[in-house]
Amino acid sequence: MTERHAVVVGGGIGGLAAAVALHRHGWRVSVLERAPQLGEVGAGLTLMTNALRALDALGLGDTIRSQGVPDTPGGLRTSTGRWLSRVDAAEMTRLLGTTALGIHRAELHRVLRDALPTGALHTGSEVTDVDPDTGEVYLRGSAGLRADLVVGADGLRSVLRARLWPTTPPPAYAGTTAWRAVTTVARPVPTAISWGRGTEFGMVPIGGDRIYWFAAVTAPPGLTVPDELAAVRDRFGDWHDPIPALLAATPPESVLRTDLYHLATPLPSYVRGRVALLGDAAHAMTPNLGQGAGQAIEDAVVLGAVCAGVPATGVPEALRAYDRQRRPRSQAIARASYGMGRFGQQLRNPAAIAVRNTLMRLVPARVALRNMARYADWHPPASR
Ligand SMILES: Cc1cc2nc3c(=O)[nH]c(=O)nc-3n(C[C@H](O)[C@H](O)[C@H](O)COP(=O)(O)OP(=O)(O)OC[C@H]3O[C@@H](n4cnc5c(N)ncnc54)[C@H](O)[C@@H]3O)c2cc1C
């Protein structure tokens, strides 16, 4: 077969995973990343079983597992520390074959980057437009290039999505702003999320003594505060142990804050001609189910599988198969993630919170686990 060339727009988790998947199936890949260099980005991440199985399909599962920490027993709590629901990691392993994994985002990114073929990554390359019929990709300030397949992995504010689906509304604010940081504490910390009134605090061990924490509050978009860590301490400093200790150990400069946006109007298709969208470009979702990156990696694996052994002329048809396999599942997960935010972090009415908490305590652990497994129990497709 003559050489087939895929251009991947965006060097985030989704774009790198797509390039690795396509390369494994014999494609020449070029990743065009707007940033002048790929830095140490973000804080921590939870990779659910589906994400780990997708990474296994890319040949990277063992490396990732060696970098992260399997979920320690944990679950959902109130702001006082009362358990609402507990996850038994051993039971989860029995059900799914593997637990979830906490990992530093930069480590996941590095493992994906290291799996790229030499010379595939082009930083400082900003894509401005694409022709879905010819595969012509246009770059700011330099000559464009032509590809048999163009992967739009350019994130939440995707240029390719805006160009090819101009009538789809842009991402909508989900009503929440979230702080994130990584800190170090020399004591065991369970993986857990605690809910207050319109607030949530989560903690995930990610290796060594490092703990990734996140804190979310319902707020108008564009909130500004003079000191991010002080703002978190104001809101969460009197929550249950070990939250005050985690905040006390956090270097102020490590705290990031993000207003959460999602694609509230789902796309009618993820593909057009020779272009496929993937990751946040296709289905930006709120982080309440910890599935955004996982879905991006699943997209990448499925894209690789449907394009395996396909000649350049067969790309549009292969992409239609990708759309059929990926859109229903990823859009269902995006909806469920938003719903989880409304039911959990965003709930403010004290009576509704009391009813929710009582119901959660009554749900048997086995049932709660099966609910969690609903989206995490995914298997990669067999390649052609
Ligand atoms: C607070 C928070 C917590 C989260 N927690 C989790 C979690 O625990 N588990 C999980 O699975 N997910 C989580 N997510 C979601 C996850 O981070 C995202 O879904 C995932 O990173 C999306 O990856 P991506 O590659 O699609 O997009 P991005 O990571 O946004 O990458 C897009 C890339 O494209 C580049 N780019 C953009 N435009 C252009 C252009 N025109 N030309 C060239 N390059 C361009 C950008 O510079 C960027 O590098 C969380 C998200 C948030 C906000």
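The structure this text deals with has already been given above.
In what follows, the accompanying structure is described. (Residues numbered from 1 in each chain as written. Predicted model: local features only at pLDDT ≥ 70, side-chain atom pairs only at ≥ 80, totals over all residues. Heavy atoms only, no water.)

**Considering the sheet that holds strand 11 (residues 142-146)**
Here is step 1: Read from one edge of the open sheet, 3 strands run 9-10-11, paired in antiparallel fashion. A strand with exactly one partner marks an edge of an open sheet, and here the two such strands are strand 9 (127-131) and strand 11. Direction aside, neighbouring strands of the sheet carry axes that sit 20° apart on average.
Here is step 2: As paired strands, strand 10 (residues 136-139) and strand 11 are joined by 3 bridges and run antiparallel to one another. (Pairing = 2+ DSSP bridges. Helix = DSSP H or I, 4+ residues; strand = E, 2+ residues; numbered from the N terminus. Axes fitted to C-alpha atoms, helices over the stretch in contact; angles between N-to-C directions.)

**Observations regarding the environment of tryptophan 27**
Here is step 1: Take tryptophan 27: it is sitting in the loop between helix 1 (13-24) and strand 2 (28-32).
Here is step 2: A relative accessible area of 2% places tryptophan 27 in the buried class.
Here is step 3: Along the backbone, tryptophan 27 and aspartate 377 are 350 residues apart, and their C-alpha atoms lie at a distance of 29 Å.
Here is step 4: Look past the residues within four positions of tryptophan 27 in its chain and what remains in contact with it is Arg4, His5, Ala6, Leu22, Asp148, Leu149, Cys307, Val310 and Val315.
Here is step 5: Among the polar contacts made by the side chain of tryptophan 27, one reaches the main-chain carbonyl oxygen of cysteine 307 at a distance of 3.1 Å. (Buried < 20%, exposed > 50% of the residue type's maximum accessible area, 1.4 Å probe, protein only. Contact = heavy atoms within 4.5 Å. Polar contact = N/O pair within 3.5 Å; in protein donor to acceptor, adjacent residues only side chain to side chain.)

**A closer look at unusual backbone geometry**
Here is step 1: Put simply, aspartate 241 and proline 242 share a cis peptide bond, and its omega is 5°.
Here is step 2: Following the sequence through the fold, proline 242 ends up in the loop between helix 7 (228-236) and helix 8 (243-248).

**Observations concerning the packing of helix 10 (residues 292-307) against helix 11 (residues 315-343)**
Here is step 1: Closest axis-to-axis distance for the helix 10/helix 11 pair is 9 Å, and the angle between their directions is 160°. With respect to their mutual orientation, helix 10 and helix 11 come out roughly antiparallel. Our pair here, helix 10 against helix 11, has a crossing hand that is right-handed. Mapping the contact onto sequence places Gln295, Glu298, Asp299, Val302, Leu303, Val306 and Cys307 in helix 10 and Ala318, Leu319, Ala321, Tyr322, Gln325, Arg326, Arg329, Ser330 and Ile333 in helix 11.
Here is step 2: Among the residues making up the contact of helix 10 with helix 11, the classes are represented as 9 nonpolar, 3 polar and 4 charged. (Parallel < 35°, antiparallel > 145°, perpendicular 65-115°, else oblique. Left-handed = near helix turned anticlockwise from the far one by under 90°. Nonpolar A, V, L, I, M, F, W, Y, C, P; charged D, E, K, R; others polar.)

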